[in-house]
Amino acid sequence: GGDAPGMNPAIRAVVRASVYYNLKVYGISEGYKGLIEGDIKEFHVRSVNKILGSGGTMLKSSRSDAFRTKEGRAKAAEQLRNRGIDALVVIGGDGSLTGAITMQEETGFPIIGIPATIDNDLSGTDFTIGYDTATNVVTECIDKIRDTASSHNRLFFVEVMGRESGFIALRAAIATGAICAMLPERATSLDELVATLRKGYRNHKTSSIVIVAEGNPNGGAIEIANKVNENYNDYETKVTVLGHLQRGGDPSCADRVLASEMGVGAVEGLLSGKSGHMVGVINGKVQYTLIREALKET
């Protein structure tokens, strides 16, 4: 599925923990597509040199229509068994983990998941890999936008990622002093938003930032800005959609450490029989949650 900053540290941790426990470890290129096609190579301790601070994923990723079929998942499991591989570590978000647990249920092949998505929309862990880096990127961008907003008495609508999750929008709104965060989880009407903006203007607020989560029921930042402008014109209005900027960049210290803990936890979990689980960190401790349970709640 989608990449997230911190995937490389997770890959590194899985490889090096496997070597520590005298296990053979393999890397699969391009996600489920490479798994079905058999693009599988044995890794060694030096295979993951100098990737700890790199964004993206050195294994690359892709979307696989073939893996969405029962036949594709059966072929994927067969590729693993033909190489004498005993278990699979899947690093990704809800789509990747849904595919992983479906494959295990259909084929009986042992799987453990590592949650890596900037959206932070999986339960069973306080934070997912990539979320901290993404919020840092968003905060840095909005700080720069505020400089322009303040200089020109402007109202900026900034759209951030998260699909149906408002975690990035809410955290960035607190960190940047935004006047409002439009979230999927809490319906804020356009009338409420305009009332908040009017109140700020009456209190001599010379510029404002509204952060919009992309899954907001009122629409994206462009759509909301257009609707607001129909009834409100105290400020000149601008829109910025941050887009894939949020998924790139070198992982933060927090994401590097989190990914390293989860990578080791995945290997140790498999060794203790934790098949069908997702590894997470809750209150500073490695925990294991059934993947189906982790997918139920956001």
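Residues numbered from 1 in each chain as written. Predicted model: local features only at pLDDT ≥ 70, side-chain atom pairs only at ≥ 80, totals over all residues. Heavy atoms only, no water.

Draft legend 1. The arrangement of the nonpolar core in detail. With 39 residues, the main nonpolar core has Ile129, Val158, Val160, Ile209 and Ile211 as its most contacted residues. Of all hydrophobic cores here, the second largest spans 22 residues; its members include Ile40, Ile85, Phe109 and Ile111. (Core = buried A, V, L, I, M, F, W, Y, C linked by side-chain atoms within 4.5 Å. Buried < 20%, exposed > 50% of the residue type's maximum accessible area, 1.4 Å probe, protein only.)

Draft legend 2. Focus on the pairing of strand β4 (residues 111–115). Most of β4 sits inside the fold, with five of its five residues counted as buried. Where strand β3 (residues 88–92) and β4 come together, five bridges link them in parallel fashion. Counterpart to Leu88 in the pairing with β4 is Ile111. With helix α4 (residues 94–107) bridging β3 and its parallel neighbour β4, the resulting β-α-β unit is right-handed. As paired strands, β4 and strand β9 (residues 277–282) are joined by two bridges and run parallel to one another. Paired with Gly113 across the bridge in β9 is Met278. (Helix = DSSP H or I, 4+ residues; strand = E, 2+ residues; numbered from the N terminus. Pairing = 2+ DSSP bridges. Right-handed = clockwise from strand over helix to strand, strands pointing away.)

Draft legend 3. Inspection of the environment of Leu295 at higher detail. With respect to the helices and strands, Leu295 occurs in helix α10 (residues 291–296). As a C-alpha pair, Leu295 and Ser165 span 130 residues in sequence and 13 Å in three-dimensional space. In this structure, Leu295 is in contact with Asp94, Leu97, Thr98, Ile101 and Leu122, ignoring residues within four places of it in sequence. (Contact = heavy atoms within 4.5 Å.)

Draft legend 4. Local environment of the pattern of salt bridges. Summed over the entire model, instances satisfying the criterion amount to 14 salt bridges. In this structure, Lys33 engages Glu37 in a salt bridge whose closest nitrogen and oxygen atoms are separated by 3.5 Å. Of this pair, Lys33 and Glu37 both sit in helix α2 (residues 31–37), four residues apart, which is roughly one turn of the helix. We note a salt bridge from Lys296 to Glu293, for which the minimum N-O separation is 3.3 Å. (Salt bridge = Lys/Arg side-chain N within 4 Å of Asp/Glu carboxyl O.)

Draft legend 5. A look at the packing of helix α5 (residues 131–152) against helix α6 (residues 167–176). Put simply, α5 and α6 touch, their axes get as near as 9 Å, and they point 45 degrees apart. By the angle between their directions, the pair α5 and α6 is classed as oblique. Of the two possible hands of crossing, α5 and α6 adopt the one that is right-handed. Contacts between α5 and α6 involve Tyr131, Ala134, Thr135, Val138, Thr139, Ile142, Asp143 and Arg146 from the first element and Phe167, Ile168, Arg171, Ala172, Ala175 and Thr176 from the second. Partitioning the contact of α5 with α6 into residue classes produces eight nonpolar, three polar and three charged. (Axes fitted to C-alpha atoms, helices over the stretch in contact; angles between N-to-C directions. Parallel < 35°, antiparallel > 145°, perpendicular 65-115°, else oblique. Left-handed = near helix turned anticlockwise from the far one by under 90°. Nonpolar A, V, L, I, M, F, W, Y, C, P; charged D, E, K, R; others polar.)

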